[in-house]
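Here are the chains, one letter per residue:
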Amino acid sequence: MLWQFFVGRFLQTFALIGGVLTIADWMRFGATGLRPGHIVFWSAAAGAVSASITTYRVRHRGCAR
């Protein structure tokens, strides 16, 4: 189902971007300077964009698998 594909891609991208932003914040500000709100917001935004693009392509070109 398309919504399952969307959720899967969203969570995959959310985890990837969240990890990258966590490491970047940790390296830049140290352990006490982590900004969880910033990390969650940008991870969710990137996940939504990535999942939207992927599901759009699947709808218009057929199944990607």
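Residues numbered from 1 in each chain as written. Predicted model: local features only at pLDDT ≥ 70, side-chain atom pairs only at ≥ 80, totals over all residues. Heavy atoms only, no water.

A. View of helix α2 (residues 36-61). For α2, which comprises 26 residues, the first-to-last C-alpha distance of 37 Å matches the rise-based estimate of 38 Å (1.5 Å per residue) to within 8%. Among the structural elements, α1 (2-29) are those in contact with the buried residues of α2. (Helix = DSSP H or I, 4+ residues; strand = E, 2+ residues; numbered from the N terminus. Expected span 1.5 Å × (residues − 1). Contact = heavy atoms within 4.5 Å.)

B. Focus on the pattern of salt bridges. Counted according to the given criterion, the structure contains one salt bridge. With its nearest N and O atoms 3.1 Å apart, the salt bridge here joins Arg35 to Asp25. Residue Arg35 is located in the loop between α1 and α2, and its partner Asp25 is located in helix α1; the two are separated by 10 residues in the primary sequence. (Salt bridge = Lys/Arg side-chain N within 4 Å of Asp/Glu carboxyl O.)

C. Representation of a nonpolar patch on the surface. There is a patch of nonpolar side chains on the surface, built from Met1, Trp3, Val7 and Leu11 and spanning about 480 Å² of accessible area. Secondary-structure assignment places Leu11 in helix α1. (Patch = residues over 30% accessible without salt bridge, like charges linked within 9 Å, V, L, I, M, F, W, Y side chains within 5 Å. Areas by Shrake-Rupley, 256 points an atom, 1.4 Å probe, with all protein chains shown as cover.)

D. Seen up close, the side chain of Thr55. Tracing the backbone through its elements, the reader meets Thr55 in helix α2. Residue Thr55 is classed as buried on the basis of its relative accessible area of 7%. Within the structure, Thr55 has its side chain in polar contact with the backbone oxygen of Ser52 (distance 3.2 Å). Once you skip the residues sitting within four places of it in the chain, Thr55 turns out to touch Leu2, Phe5 and Phe6. (Buried < 20%, exposed > 50% of the residue type's maximum accessible area, 1.4 Å probe, protein only. Polar contact = N/O pair within 3.5 Å; in protein donor to acceptor, adjacent residues only side chain to side chain.)

E. Broad picture of the side chain of Thr54. Looking at the element boundaries, Thr54 is found in helix α2. Aside from chain neighbours lying at most four places away, what touches Thr54 is Phe5 and Arg9.

F. Expanded view of the packing of aromatic side chains. Under the counting rule described, the total for this entry stands at two aromatic pairs. Here the aromatic rings of Phe10 and Phe14 are separated by 5.8 Å at their centres, their planes lie at 35 degrees, and the arrangement is tilted. Of this pair, Phe10 and Phe14 both sit in helix α1, four residues apart, which is roughly one turn of that helix. Judged by centre distance (4.9 Å) and plane angle (80 degrees), the ring pair of Phe41 and Trp42 falls under edge-to-face. (Phe/Tyr/Trp six-rings, centres within 6.5 Å; stacked < 30°, edge-to-face > 60°.)

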